[in-house]
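Working through the structure, step by step
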Amino acid sequence: MIYHMKQKVFSLGEKYSVFDDIGNLAFYAEGEFLSLKNKVHVYDKNKHEIAFIKKELLSFLPTYYADIFNFGIITIKKKFTLFTIKLTVKEMGLVLEGDFTSHNFTLKKDEREIMTVKKGWFTWGDSYDINIKDEQYTILCICVLLAVDLIIADTNAASNSAN
């Protein structure tokens, strides 16, 4: 299934909309304004909360927990790499790898692709094209991609503040 995720630029807290391949709203996510834990709530198109994601404050590498209702809690942890992004979802045996530019990502379970993602280059706010190849992982994939976007934003903010 093909989805498109867009981040709303001018808002208090993080806001994302996820559309299906014909442009209908499928999911949306809203971050809590001034939340220390970077907490983001995920909703279906009928405004029912289906998951939330929060950041672990005391970890060497960025770590997020996603509580996916009717599924369970997963840990999304960034691995140490020099030039690319790599995350693991320990409980599911999933690995997400990104390219050098952090614009192309692949989520795999054992060598089988679960999701591929292409981040838009010159967009107002972050924009992603998502291809989820196994629909049973749809909400999990959306949560992993939200964590990726939050990790990239945290990394960019940290490098900008160091200058």
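Above this note sits the structure.
Calculation criteria
- Residues numbered from 1 in each chain as written.
- Predicted model: local features only at pLDDT ≥ 70, side-chain atom pairs only at ≥ 80, totals over all residues.
- Heavy atoms only, no water.
- Phe/Tyr/Trp six-rings, centres within 6.5 Å; stacked < 30°, edge-to-face > 60°.
- Helix = DSSP H or I, 4+ residues; strand = E, 2+ residues; numbered from the N terminus.
- Buried < 20%, exposed > 50% of the residue type's maximum accessible area, 1.4 Å probe, protein only.
- Pairing = 2+ DSSP bridges.
- Patch = residues over 30% accessible without salt bridge, like charges linked within 9 Å, V, L, I, M, F, W, Y side chains within 5 Å.
- Areas by Shrake-Rupley, 256 points an atom, 1.4 Å probe, with all protein chains shown as cover.
- Salt bridge = Lys/Arg side-chain N within 4 Å of Asp/Glu carboxyl O.
- Disulfide = S-S within 2.5 Å.

Quick word on the packing of aromatic side chains
Tallied over the entire structure, the rule returns 4 aromatic pairs. Plain terms: the ring middles of Y3 and F27 are 6.0 Å apart, the flat faces sit at 50° to each other, and that makes the pair tilted. You can see Y3 sitting in strand β1 (residues 2-7) and its partner F27 sitting in strand β3 (residues 25-31), a full 24 residues away along the chain. With relative accessibility at 8%, the residue Y3 sits in the buried group.

Focus on the pairing of strand β6 (residues 63-68)
Successive side chains on a regular strand alternate, one facing one side of the sheet and the next facing the other. In the sheet, strand β5 (residues 49-55) pairs with β6 via 5 bridges, with the strands oriented antiparallel. Paired with K54 across the strands is Y65, a residue of β6. In terms of strand pairing, β6 meets strand β7 (residues 72-78) through 6 bridges, oriented antiparallel. By the bridge assignment for β7, Y65 is matched with T75.

Concerning a nonpolar patch on the surface
Taken together, the side chains of F80, L82, F83 and F100 define a hydrophobic patch exposed on the protein surface, amounting to about 570 Å² of accessible area. Turning to its location among the elements, F83 is positioned in the loop between β7 and β8 (86-89). By relative accessible area, which is 59% here, F83 ends up exposed.

Quick notes on the state of the cysteines
Note on terminology: disulfide describes a covalent bond linking the sulfur atoms of two cysteines. Within this structure, the stated rule accounts for 0 disulfides. Its sulfur unpaired, C143 is 9.4 Å from the next cysteine sulfur, which belongs to C141. A relative accessible area of 0% means that C143 is categorised as buried.

Observations regarding the pairing of β1
Because side chains alternate across β1, one face comprises the buried residues Y3, M5 and Q7, and the other comprises I2, H4 and K6, none of which is buried. With 5 bridges connecting them, β1 and strand β2 (residues 15-20) associate as antiparallel partners. Bridge pairing links H4 to F19 in β2.

What about the pattern of salt bridges?
This structure, assessed with the given rule, holds 5 salt bridges. A salt bridge links K108 to E111, with the shortest nitrogen-to-oxygen separation between them at 3.9 Å. By relative accessible area, which is 27% here, K108 ends up partly exposed. Owing to a relative accessible area of 69%, E111 belongs among the exposed residues under this scheme.

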